[in-house]
Amino acid sequence: MRLVVTALIFLTGLFDLFMAVSFLLDPGSAGAGLGVAAIGMAGGPQGAAAGLSTIRADFTSFFGVGAFCMMWGAWRRNADLLLVPALLFGVSFVGRAVNVAMVGAYPQWPLPMGVEAFHVALALAAWRLLPHHRISDIAA
């Protein structure tokens, strides 16, 4: 069971790494795939450049940090690192849930929430199975 969960963590990390690279190299297309466009406040070339910069920086760091922690944690059998993507994707899940409650559902809303819930469930399951420290030891 540990081997299967470790492999799933690593493969999910590879998926996240692919997402990070996509946002780094082509933020316009990758952002459009998630419904995000770089238009800027005032529009025009400077606004779009600022928007692309934000997509490139924020989305790359989100998926890149998640990917690194998942892949390194799986490789080193260090489940403490899996708490980082669990928190990242958990907060994203809550943000989407708040959005659905406040703004309403849109046609594709279940897919990203399902992906985020999968990340959280997988990271927490692996954290329980793989060697780790107690939360109180990490937080102290």
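Here the residue numbers are simple positions, counted from 1 along each chain's written sequence. Residues qualify for local features only when their pLDDT is at least 70, as the model is predicted, and side-chain atom pairs are given and counted only at 80 or more; totals for whole chains, interfaces and linings, by contrast, use all residues. Hydrogens and water molecules were not included; the side-chain quantities draw on all heavy atoms of the structure.

Chemist: Residues and numbers for the packing of helix 1 (residues 2–25) against helix 5 (residues 110–129), please.
Modeler: In contact at an axis separation of 10 Å, helix 1 and helix 5 are set at 140° when each is read in the N-to-C sense. Our classification of the angle between helix 1 and helix 5 gives oblique. For helix 1 against helix 5, the interelement crossing comes out left-handed. Contacts between helix 1 and helix 5 pair Arg2, Val5, Leu8, Ile9, Thr12 and Asp16 from the former with Phe118, His119, Leu122, Ala123, Ala126 and Leu129 from the latter. Simply put, an axis is a line fit to the C-alpha atoms, just over the touching stretch for a helix, and the angle between two N-to-C directions goes from 0 to 180 degrees. Each helix corresponds to a stretch of at least 4 residues labelled H or I by DSSP, and each strand to a stretch of at least 2 residues labelled E; elements are numbered beginning at the N terminus. Under this scheme an angle from 65 to 115 degrees is roughly perpendicular, one under 35 degrees roughly parallel, and one over 145 degrees roughly antiparallel; angles in between are oblique. Here a crossing is called left-handed whenever its near helix is offset anticlockwise from the far helix by less than a right angle, and right-handed whenever the offset is clockwise. In what follows, a contact means two residues having at least one pair of non-hydrogen atoms within 4.5 Å.

Chemist: An account of the packing of aromatic side chains is requested, with residue identities and associated values reported.
Modeler: Working definition: rings of Phe, Tyr and Trp (its six-membered ring) pair if their centres are within 6.5 Å, and the pair is stacked with planes under 30 degrees apart, edge-to-face with planes over 60 apart, and tilted otherwise. All told, the structure shown has seven aromatic pairs when counted by the stated rule. Summarising the aromatic geometry, the rings of phenylalanine 68 and tryptophan 72 are spaced 6.2 Å apart at their centres and angled 5° between planes, so their arrangement reads as stacked. Note that phenylalanine 68 and tryptophan 72 are positioned in helix 3 (residues 44–76) at a spacing of four residues, about one turn of the helix. Grouped by ring-pair contacts, the aromatic residues Phe23, Phe59, Phe62, Phe63 and Phe89 constitute a single cluster.

No statement about biological role is implied by the geometric values presented.
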